[in-house]
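# Coordinate inspection notes
One-letter residues, chain by chain:
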Amino acid sequence: MTTLPETTQRKMGLVIDLDTCVGCHACVVSCKGWNTENYGAPLSDQDPYGDDPRGTFLNRVHSYEVQPLAESGMPHPAAQLIHFPKSCLHCEDAPCVTVCPTGASYKRVEDGIVLVNESDCIGCGLCAWACPYGAREMDEAEGVMKKCTLCVDRIYNDNLPEEDRVPACVRTCPAGARHFGDLGDPDSDVSKLVAERGGMDLMPEQGTKPVNQYLPPRPKDRVMAAPDAQIDVLAPLLAPVAEEPKGFIGWLDKALEKI
Amino acid sequence: MLDQPKLDTSPKVSDEVRKTTCYMCACRCGINVHMKDGKVAYIEGNRDHPVNKGVLCAKGSAGIMQHNAPSRLRAPLKRVGPRGSGEFEEISWDEALEIATGWLEPLRQEAPEKLAFFTGRDQSQSFTSFWAQNFGTPNYAAHGGFCSVNMAAAGIYTMGGAFWEFGQPDWENTKLFMIFGVAEDHDSNPIKMGLGRVKERGAKVIGVNPIRSGYNAVADEWVGITPGTDGLFILALVHELLRAGKIDLRYLAEYTNAPVLVNCDASSPDHGLLMRDENGKLLVIDRVTGEPAAFDKKGVKPDLSASYEKDGVTHRPVMHLLAERYMGKEYAPEAVAERCGVSARRIRAIAAELARVAFEEEIVLEREWTDFRGQTHKTMVGRPVSFHAMRGISAHSNGFQTCRSLHLLQILLGSVEVPGGFRFKPPYPKPVSIHPTPHCKVTPGKPLDGPHLGFVRGPEDLALKEDGTPARIDKAFTWENPMSAHGMMHMVISNAHAGDPYKIDTLFMYMANMAWNSTMNTRGVIDMLTDTDEDGEYVIPHIIYSDAYSSEMVAYSDLILPDTTYLERHDCISLLDRPICEADAAADAIRWPVVEPDRDVKGFQTALVLLANKMKLPGFTNEDGSAKWADYADYIVNHERKPGIGPLAGWRKGEDGLTHGRGAPNEDQLKTYIENGGFFVNHIAKEHAYMKPWNMGYQEWAVGMGLYDSPQPYIFDLYAETMRKFQLAAEGHGERQPPEHLRERIKATLDPLPVWYPPFEDGHVDPVEYPVHALTQRPMAMYHSWGSQNAWLRQIHGRNPLYLPTKIWEANGFAEGDWARVTSAHGEITVPVAHMAALNENTVWTWNAIGKRKGAWALEKDAPEATKGFLLNHLIHELLPPKGDGLRWANSDPVTGQAAWFDLRVKIEKTAAPDEVHPTFAPIRSPVGTGPDELRWKVGK
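Since the structure is predicted, the reported quantities are computational estimates derived from the model, not experimental observations. (Residues numbered from 1 in each chain as written. Chains lettered and ligands numbered in written order. Predicted model: local features only at pLDDT ≥ 70, side-chain atom pairs only at ≥ 80, totals over all residues.)

### Examining the overall build of chain B
- For chain B, the helix and strand inventory stands at 26 helices and 37 strands.
- When the backbone C-alpha atoms are referred to their principal axes, chain B occupies close to 85 × 80 × 75 Å.
- Taking all 941 residues of chain B together, 63% fall into the buried category.
- Partitioning the intrachain contacts of chain B with sequence separation of at least 6 by distance along the chain shows that 69% fall at a separation of at least 24. (Helix = DSSP H or I, 4+ residues; strand = E, 2+ residues; numbered from the N terminus. Buried ≥ 20, exposed ≤ 12 C-beta atoms within 10 Å, placed from the backbone. Contact = placed C-beta atoms within 7 Å.)

If you want it as structure tokens, here you go:
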């Protein structure tokens, strides 16, 4: 069994905007590329050109269809598709750490990042079993547990320009749907964003206290949603100046006088 | 304190960063290639690059797997078994070039048209067309005809520029962004970045698409329209805006042909043509004098309302014709709602929202500028509504008119080239009048008489021989599709096989997977490629193909010229072609070999230079008979299209040192590009960055950059007079006359004002028998034939079920894991299905080009792409079903010839699950074997 630190100096993590994520998988592949080349063993791929290609990824995007409930102004709301990127949430009460029999899984005191020390990992898989989010993956080739490192080898890396000292997934996200920072600091940009947009814990009932936060999608299909009140707001915009071409040409002449 | 391992948090990232241009799709982002031990270690976006500003998509980040793919071809190949067997032997480049010139040179001397040279997703079209022109064949085009020519041509014919490469929304200022038929590729990263910016500001996004995925999934409003009806929906919006007078009258009067006078005498041979003065200038009524005046006369105030009588003929402004057409009841929301699958109430709500944002949220920028009439304006007024559209509206047989309808809507709102609206990127705006016309005059042993592709102005520009038959093998620029600005690659093999309009000898193609996903009627095309005549000879005698990878098309070729990967080659992303410009800047870029190939391969363009040198093609040869260029890099630096204008605009030699735009070749140009991150950018002054077609400051800057030879201000063509000229011919006017069977179709479809008509398949196929629309979309993480062998990306998109809407799913009692038989008038496939609720209720769809043939792409034969993946292409024919008139009617847009992929109608039936998808194809023998069983990719220590 491994002990979690009582507190961490900072709570570094990701804020993922589900309103903006278009589900493009850029973060997934950028992560794969960086982490294949960097921290620990490469992320291997088994049967990469065969019938069952399966490799290790530290970040994956899932898509879910959602059917909003009917409301009076919108009796038949259209289904929606939500793209949901998921990686380790660097929980404050990380069950993957406490379950580790060798101490290989640990949570860093200085920034709260949950890491696996690969030289101590025996590949027993208990941590993956304990994680309610399915955020850890066993590397088949290396036999060690892999997980998001929050690019610990980027975020403090003096060999990178300062603006690049963010996780690879954040740097690459084309839609700007991923944000990185200290969620323990209420004045940080990410904390403010969470406050502003109603950021949420993923599965709070699990009691893991995840550091990563998700920003919910904005309400959709509202042009028709509200009862007739909404239409009344818009209706004057379409008040006819003419019903027939002839009347329209007359209107045109007068309107041109005014400009 | 816990005992934590000590980590090196500052490991060395790489030995070196080499900056080049991505080619994992067509978007041309800048990339930083991190090198370790001389090998590619990691690829990320280039922060300084104008296209992607540091971000990179999944495809780009997976470039390392593409560059090292086991499917890379290794050496030139000569076919030794029958076509389609995949049996080849590796040969030397000398032998390969000898074989190719052995076929080509006799054709060049005797009948150059017997070479059909078509390049696929080619980013060097200004070079490949130059090669074809110097060879002398009229049969050249790239892939635009089966991609999105409707979008490009409608944009250029209407407003002198189009979406994607040629324009972009004003991301920083727009307040409402509306997209139509945008699949998840074009313009890959810029759209995602733009959506992010728009959402960050709380601005609204409306997505019009039968499928709610990708960009449409994050849109605030989703309009799940019925395929092929976008034009009708748009014209209903136009109807509402006209009725409410919510149009920008000043903009229409000053910057469009809405005030230009039209001959309205039905008995006149000039009926419907625009009135001009003795200098050929378009005429308007000047509100100041009440008299006709040239549209661009200093101080003229064009009138949208007044008519003019001359010699007993009434001339009315275009605006009258617009009002008469679109205020008609047939375009009322109630009249279109059912066909579009969008309620009348919703159409009105969207029209009102467009009106509100355009006119109540007007933007005014304090930027002084002078227009082409000499008037100076203190400000730039913006209507912050922007649009983008792509293949979803374009790949229909009514696509050209639908794209024109969308441009009509944009222009009525006054939202083109204004703050917050849609903006052009250099070299656009560019009026049709300075584009070339098509050329097709063949002289054996000599170059063609001019560029192949262009913009016809009327029947006189059609590519017809003296006997009236088509001059081109693809029948581009004929009465069947007069304005086919990008050619019609999808018709080449079918026409060559049929000998219609004539037979060819050699088919030469590049980066186009015509034996699989890049063709309609895949089975039929495979049979055409392998068909033999009575003497046992192939009907298409020779096929030369260039590709970097072991694609399906390789097996159907006689001679393979192996291309490099994108990290091993020189390229230029040129202002002569489709550059990387932004609305605020002209920019171009290069690729360069960040690694040298470890195989016996050459960049295709270099292979073309070598072929040209062997044949001593005129444009490639000095007067003394020596070759002008040794390879493509040499051409990029030293070729001049006209004096001072070359493929790259940056760092040319001026009189006083280096200059940009116009200047002499600079031998250090590529080195300078490399030092600058692989690209060149030249910004437009703030005062010149909007209103470009009319802004004299911009016009003069563009002349300096070499984009124009002189200022070219123009007005937008809401009324397309060129189209009216084709209608006039169909009505019997003029010397060049269409064949009888096409007269009625030309009258109906080449309407000079945007019009909607049902997709042709609706008229040829029983909509009761085939009630369901079937579409494909590109996934964001896969680029059709380029990507599917990528070891990382195929783990994301290795399968493609057919997605069915709830109505069809429930009516047929489908359950998870089921399969369906999908039948069109042309064919039948049996495929796995999945349920999707966020989908138009009469539409099914799947991801494009995930299906692969067994043996291709170095995949194992049991790869899911080959056993469960499938193509809809088997259901789509290049011809419409026979009408009994003995004619071959193309399944294409009647204006541009664009392949009508999305007109497809099918029926769906549940069926027992087979072992594999149907139809099945025998495996082809792989010339490269298959990939490894495991990857542990780490090049550094």
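Moving on, there is more to tell.
### Looking at the UniProt feature "domain: 4Fe-4S Mo/W bis-MGD-type" (unreviewed entry) in chain B
- Those places that UniProt annotates as "domain: 4Fe-4S Mo/W bis-MGD-type" (unreviewed entry) correspond, in this numbering, to residues 15-71 of chain B.
- End C-alpha atoms of residues 15-71 of chain B are separated by 28 Å, and the span's content is 16% helix alongside 35% strand. (UniProt positions renumbered as here; feature names shortened; annotations may be inferred.)

### Structural notes on the environment of Asp15 of chain B
All names here are of chain B.
- Relative to the helices and strands, Asp15 is located in the segment before β1 (16-21).
- On the neighbour-count criterion, Asp15 (13 C-beta atoms within 10 Å) is partly exposed.
- When near neighbours in sequence (up to four residues on either side) are disregarded, Asp15 contacts Met35 and Lys36.

### Notes on the sheet that holds strand β11 (residues 213-215) of chain A
Residues and elements named next belong to chain A.
- With mixed pairing, the 3 strands of this open sheet are ordered in space as β10-β1-β11. Strands with a single pairing partner mark the edges of an open sheet, and in this sheet they are β10 (178-182) and β11. Shown here is a sheet whose adjacent strand axes are inclined to one another by a mean of 25°, direction ignored.
- Bridging between strand β1 (residues 12-17) and β10 involves 5 bridges; their strand directions are antiparallel. If you follow Val15 over to β10, its bridge partner there is His179. (Pairing = 2+ DSSP bridges. Axes fitted to C-alpha atoms, helices over the stretch in contact; angles between N-to-C directions.)

### A closer look at the environment of Tyr140 of chain B
All names here are of chain B.
- Tracing the chain through its elements places Tyr140 in strand β7 (residues 140-141).
- Along the chain, Tyr140 and Leu241 lie 101 residues apart, while their C-alpha atoms are 43 Å from each other.
- Setting aside chain neighbours within four positions, we find Tyr140 in contact with Phe117, Phe118, Ser129, Ala132 and His452.

### Some details on the interface of chain B and chain A
- At the junction of the two partners, chain B supplies 93 residues and chain A supplies 80 residues.
- Among the elements that make up the side of chain B that touches chain A, the one with the highest residue count is helix α12 (residues 344-360) of chain B (10 residues).
- The sheet contact formed by strand β2 (residues 45-46) of chain A and strand β37 (residues 934-935) of chain B spans 2 bridges and is antiparallel. Residue pairing across strands places Gln46 of chain A opposite Glu934 of chain B, the latter belonging to β37 of chain B.

### So, the domain arrangement of chain A
- Each assigned domain of chain A is listed with its residue range as follows: domain 1 (12-215) and domain 2 (228-258).
- Placing a centre on the C-alpha atoms of domain 1 of chain A and another on those of domain 2 of chain A gives a separation of 53 Å. (Domains from an automatic or database assignment.)

### Quick word on the pairing of β1 of chain A
All names here are of chain A.
- For β1, the tally of buried residues reaches 6 of 6 residues, placing the bulk of the element in the interior.
- The alternating pattern of β1 places Met12, Leu14 and Ile16 and Gly13, Val15 and Asp17 on opposite faces, both of which are buried.
- Pairing of β1 with β11 involves 3 bridges; the strand directions are parallel. Each residue of the ladder has a partner; that of Asp17, found in β11, is Leu215.

### Comments concerning the nonpolar core
- Ranked by size, the top nonpolar core spans 382 residues in total, and within it Ala58, Ala116, Phe233, Leu237, Val238, Leu354 and Ala389 of chain B carry the most contacts.
- Inspection of this core shows a minimum of three residues originating in each of domain 1 (12-215) and domain 2 (228-258) of chain A.
- Residues within four places of Ala58 of chain B in sequence aside, it is in contact with Cys24, His25, Ala26, Val28 and Val29 of chain A together with Met780, Ala781, Leu793 and Ile796 of chain B. (Core = buried A, V, L, I, M, F, W, Y, C linked by C-beta atoms within 7 Å.)

### Topic: helix α1 (residues 26-37) of chain A
Residue and element names in this part refer to chain A.
- The terminal C-alpha atoms of α1 lie 17 Å apart, and with 12 residues this matches the ideal 16 Å at 1.5 Å per residue to within 8%.
- Within α1, 12 of the 12 residues are buried, which leaves it mostly tucked inside the rest of the structure.
- Residues of α1 that are buried: Ala26, Cys27, Val28, Val29, Ser30, Cys31, Lys32, Gly33, Trp34, Asn35, Thr36 and Glu37. (Expected span 1.5 Å × (residues − 1).)

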